[in-house]
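What the coordinates show
Listed below, chain by chain, are the residues.
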Amino acid sequence: MSNRNLRPETIAAHALKATDATTGSVAPPLYTASTYARDETYTPKLKENYIRSGNPTLWHAEEAVAALELGEEALLFASGMAAITTLLETVPQGAHVAAPDVMYYGTRDWLKRLEAKGRIELTLFDAADPKALAGALRKGKTDLVWIETPLNPTWDVIDIAKAAEAAHAVGAILAVDATASAAVTTRPLTLGADIVFHSATKYLNGHSDVLAGALVTRQANARWKEIQALRTKIGSPLAPFECWLLIRGLRTLYVRYRQASANALAIARHFEKHPRIERVLYPGLASHRGHAIASRQMTDGFGGMISLLIKGDAGEAVRVCTRLKVIVPATSLGGVESLAEHRKTVEGPESPVPDNLIRLSIGIEHADDLIADLDQALG
């Protein structure tokens with residue numbers, strides 16, 4: 001059967017290719033060579049013959065990620081920030097970029113760095129205001145609109161279709177950080193986005209043992225070809241073993257994500273009225289301000305990411321994290337194990353994140369054990 005006739009769960013489980021065509025192996029081969037011989041006419045046997053330009057294991061992983069996002073092509077990078085900075089390198093000198101004021105702090109810090117150097121003009125808008133994004137754009141000047149949805153770590157939800165319409169109206173492209181929705185529950189390219197980004201370290205890999213970034217494009221146009229060329233020149237493609245681990249992780253993506261989503265919803269509902277909790281931030285709750293958009297845009301669960309605003313100061317939020325016994329106090333998200341972090345400590349004193357916010361990445365453990373652990377830590 002053609003992959004076009006298969007549902008995404010099957011494509012993921014087979015990592016796009018059920019068996020290796022050469023050997024019949026049901027586990028994908030790992031090609032570690034840094035260079036490849038040419039044939040008797042000195043013609044390369046592969047489309048690229050040096051690892052900085054590509055590798056069969058890299059191409060396999062890229063094809064699988066592109067298929068899951070319904071994109072034309074994907075590029076994998078040595079880290080999420082390597083992917084982001086390569087995309088930003090294609091923004092013309094002095095052009096305008098719009099992005100949310102609350103988002104992954106590494107991206108925000110890099111954008112501010114480019115602004116401080118006079119490389120770009122930058123507008124950070126309030127994603128909680130549905131009119132703010134359109135108001136931040138400049139016709140003929142804005143080149144790139146960067147959004148996350150859900151937003152890290154408030155999990156506000158931006159309407160991708162409306163963002164794409166607004167971006168295209170002023171001549172910009174829309175890039176969507178879809179790390180938290182993981183190619184399972186939201187497909188931005190089908191909603192009008194031009195490029196999708198993933199920190200593939202997170203849900204796509206899912207086992208906390210890979211550092212990787214991914215860009216997926218709706219159209220392999222001139223800008224995409226520039227990104228591709230820059231990755232080769234900079235030397236930042238994902239290494240073969242990490243590609244192989246990513247393929248391994250993709251094969252369980254749907255079952256992992258659905259279990260994490262179910263656990264997160266149960267936990268969010270349990271703690272929504274807890275006396276030690278000021279507010280639970282989770283788009284799956286009807287009380288969340290982005291719930292209506294999330295219900296329309298997220299079609300297969302609301303993800304495993306929750307933030308708790310506890311009643312107390314930063315010190316008390318840190319103490320809750322340290323009292324956890326099952327949930328691990330660590331940074332990252334999307335793994336099979338549940339993690340908790342005091343986000344303000346991680347982002348630093350200039351972060352707009354509330355002092356009392358604890359970010360939870362819910363894993364695939366039994367939900368009752370996670371609830372009991374949080375209950376005892378909150379005291």
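Higher on the page you've got the structure.
All of the points below concern the structure found in this document. Note that the coordinates shown come from a computational prediction; the quantities given were computed from them, not determined experimentally.

This brings us to the packing of helix 3 (residues 80–89) against helix 4 (residues 105–116). Viewed as axis vectors pointing N to C, helix 3 and helix 4 meet at an angle of 35°, and their least axial separation amounts to 11 Å. Considering the relative orientation of helix 3 and helix 4, their crossing is right-handed. Across the interface between the two elements, Met-81, Ile-84, Thr-85 and Leu-88 of helix 3 pack against Gly-106, Thr-107, Trp-110, Leu-111 and Leu-114 of helix 4. Split by residue class, the contact of helix 3 with helix 4 holds six nonpolar, three polar and no charged.

This part takes up the pairing of strand 5 (residues 173–177). Most of strand 5 is tucked away: five of the five residues are buried. With burial as the criterion, each face of strand 5 is covered, one bearing Ile-173, Ala-175 and Asp-177 and the other bearing Leu-174 and Val-176. Relative to strand 5, strand 4 (residues 142–148) runs parallel, the two sharing five bridges. Across the sheet, the residue bridging to Glu-148 is Asp-177, located in strand 5. Taken together, strand 4, helix 6 (residues 160–169) and strand 5 constitute a β-α-β crossover, and its handedness is right-handed.

Before going further, it helps to spend a moment on the sheet that holds strand 11 (residues 339–342). Pairing within the open sheet is mixed, and its five strands lie in the order 8-9-12-11-10. Either end of the sheet is taken by a strand with one partner, and the two such strands are strand 8 (277–281) and strand 10 (328–329). As paired strands, strand 9 (residues 305–310) and strand 12 (residues 357–361) are joined by five bridges and run antiparallel to one another. Counted as the bridge partner of Leu-309 is Leu-357 from strand 12.

The next subject is the nonpolar core. Counting 119 residues, the largest nonpolar core has Ile-147, Leu-174 and Ile-306 as the members making the most contacts within it. Here this core takes eight residues from helix 9 (residues 253–271), the largest share from any one element. Once you skip the residues sitting within four places of it in the chain, Leu-174 turns out to touch Val-145, Ile-147, Ile-160, Ala-163, Ala-164, Ala-167, His-168, Ala-193, Asp-194 and Ile-195.

This brings us to the packing of aromatic side chains. Using the criterion set out here, one finds four aromatic pairs in the structure. Ring geometry for Phe-241 and Trp-244: centres 6.2 Å apart, planes at 10°, overall stacked. Within this pair, Phe-241 and its partner Trp-244 are both found in helix 8 (residues 240–250), separated by three residues, close to a single helical turn.

This part is about the side chain of His-291. Within the secondary structure, His-291 is located in helix 10 (residues 291–297). Polar contacts involving the side chain of His-291 include one to the main-chain carbonyl oxygen of Leu-285, which spans 3.3 Å. The residues contacting His-291, other than those within four sequence positions of it, are Pro-283, Gly-284, Leu-285, Ala-286 and Phe-302.

Reading the values: rules and limits
Residues numbered from 1 in each chain as written. Predicted model: local features only at pLDDT ≥ 70, side-chain atom pairs only at ≥ 80, totals over all residues. Heavy atoms only, no water. Axes fitted to C-alpha atoms, helices over the stretch in contact; angles between N-to-C directions. Helix = DSSP H or I, 4+ residues; strand = E, 2+ residues; numbered from the N terminus. Left-handed = near helix turned anticlockwise from the far one by under 90°. Contact = heavy atoms within 4.5 Å. Nonpolar A, V, L, I, M, F, W, Y, C, P; charged D, E, K, R; others polar. Buried < 20%, exposed > 50% of the residue type's maximum accessible area, 1.4 Å probe, protein only. Pairing = 2+ DSSP bridges. Right-handed = clockwise from strand over helix to strand, strands pointing away. Core = buried A, V, L, I, M, F, W, Y, C linked by side-chain atoms within 4.5 Å. Phe/Tyr/Trp six-rings, centres within 6.5 Å; stacked < 30°, edge-to-face > 60°. Polar contact = N/O pair within 3.5 Å; in protein donor to acceptor, adjacent residues only side chain to side chain.

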